[in-house]
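Here are the chains, one letter per residue:
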Amino acid sequence: MTRNLLYTAVTRARRLVVVVGRELCMRQMVDNNRIVRRYSALKQQLVLLGGGET
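Moving on, we get to the overall build of the protein. The secondary structure content of the protein amounts to three helices and zero strands. For the protein, the α and β elements follow one another from N to C terminus as α-α-α. Here the protein has a C-alpha radius of gyration of 16 Å; the compact-globule value for 54 residues is 10 Å, and the former is much larger. Along the first, second and third principal axes, the C-alpha atoms of the protein reach 45 × 30 × 15 Å. Put simply, the protein has 54 residues, and 7% of those count as buried. Accessible surface computed for the protein: about 5600 Å², of which carbon and sulfur atoms make up 55%.

Here you go:
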């Protein structure tokens with residue numbers, strides 16, 4: 001529940017954004033500017049699918 005996650009969700013909308021939730025939760029997300037690293041293992045998955053190394 002971080003600001004950058006909320007920002008990404010809102011900015012990817014093409015025409016309309018409807019935010020559903022508690023106002024307190026939205027305020028906490030806006031106030032939370034922590035950067036949390038996500039470890040998705042995307043690079044490793046791409047290497048496996050491609051059969052090579054990067």
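Okay, a nonpolar patch on the surface next. Together, Val10, Val17 and Val19 line one region of the surface with nonpolar side chains, adding up to about 210 Å² of accessible area. Counting through the fold element by element, Val19 comes out in the loop between α1 (3-11) and α2 (23-31).

Our next topic: the pattern of salt bridges. As enumerated under the stated definition, the model contains one salt bridge in all. In this structure, Arg27 engages Glu23 in a salt bridge whose closest nitrogen and oxygen atoms are separated by 2.5 Å. Taken together, the positions of Arg27 and Glu23, both in helix α2 and four residues apart, correspond to about one turn of that helix. Accessibility assignment for this pair places Arg27 and Glu23 in one class, exposed.

Among the structural elements, Asn32 can be located in the loop between α2 and α3 (42-50). Setting aside residues up to four positions removed in sequence, Asn32 forms contacts with Met1, Thr2 and Arg3.

Before going further, it helps to spend a moment on the confidence of the model for the protein. Mean pLDDT for the protein: 86, with 93% of residues reaching 70 or above. Summarising per-element confidence for the protein, the mean pLDDT is lowest in α3 (85) and highest in α2 (94).

Turning next to the environment of Tyr7. Inspection of the secondary structure puts Tyr7 in helix α1. In this structure, the C-alpha to C-alpha distance between Tyr7 and Met29, residues 22 residues apart in sequence, is 9.5 Å.

Of note, Thr2 is situated in the segment before α1. Every residue in contact with Thr2, bar those within four places of it in the chain, is listed here: Met29, Asn32, Arg34 and Val36.

The rules behind the values
- Residues numbered from 1 in each chain as written.
- Predicted model: local features only at pLDDT ≥ 70, side-chain atom pairs only at ≥ 80, totals over all residues.
- Heavy atoms only, no water.
- Helix = DSSP H or I, 4+ residues; strand = E, 2+ residues; numbered from the N terminus.
- Rg over C-alpha atoms; globule rule 2.2 N^0.38 Å.
- Buried < 20%, exposed > 50% of the residue type's maximum accessible area, 1.4 Å probe, protein only.
- Areas by Shrake-Rupley, 256 points an atom, 1.4 Å probe, with all protein chains shown as cover.
- Patch = residues over 30% accessible without salt bridge, like charges linked within 9 Å, V, L, I, M, F, W, Y side chains within 5 Å.
- Salt bridge = Lys/Arg side-chain N within 4 Å of Asp/Glu carboxyl O.
- Contact = heavy atoms within 4.5 Å.
- pLDDT = per-residue confidence, 0-100.

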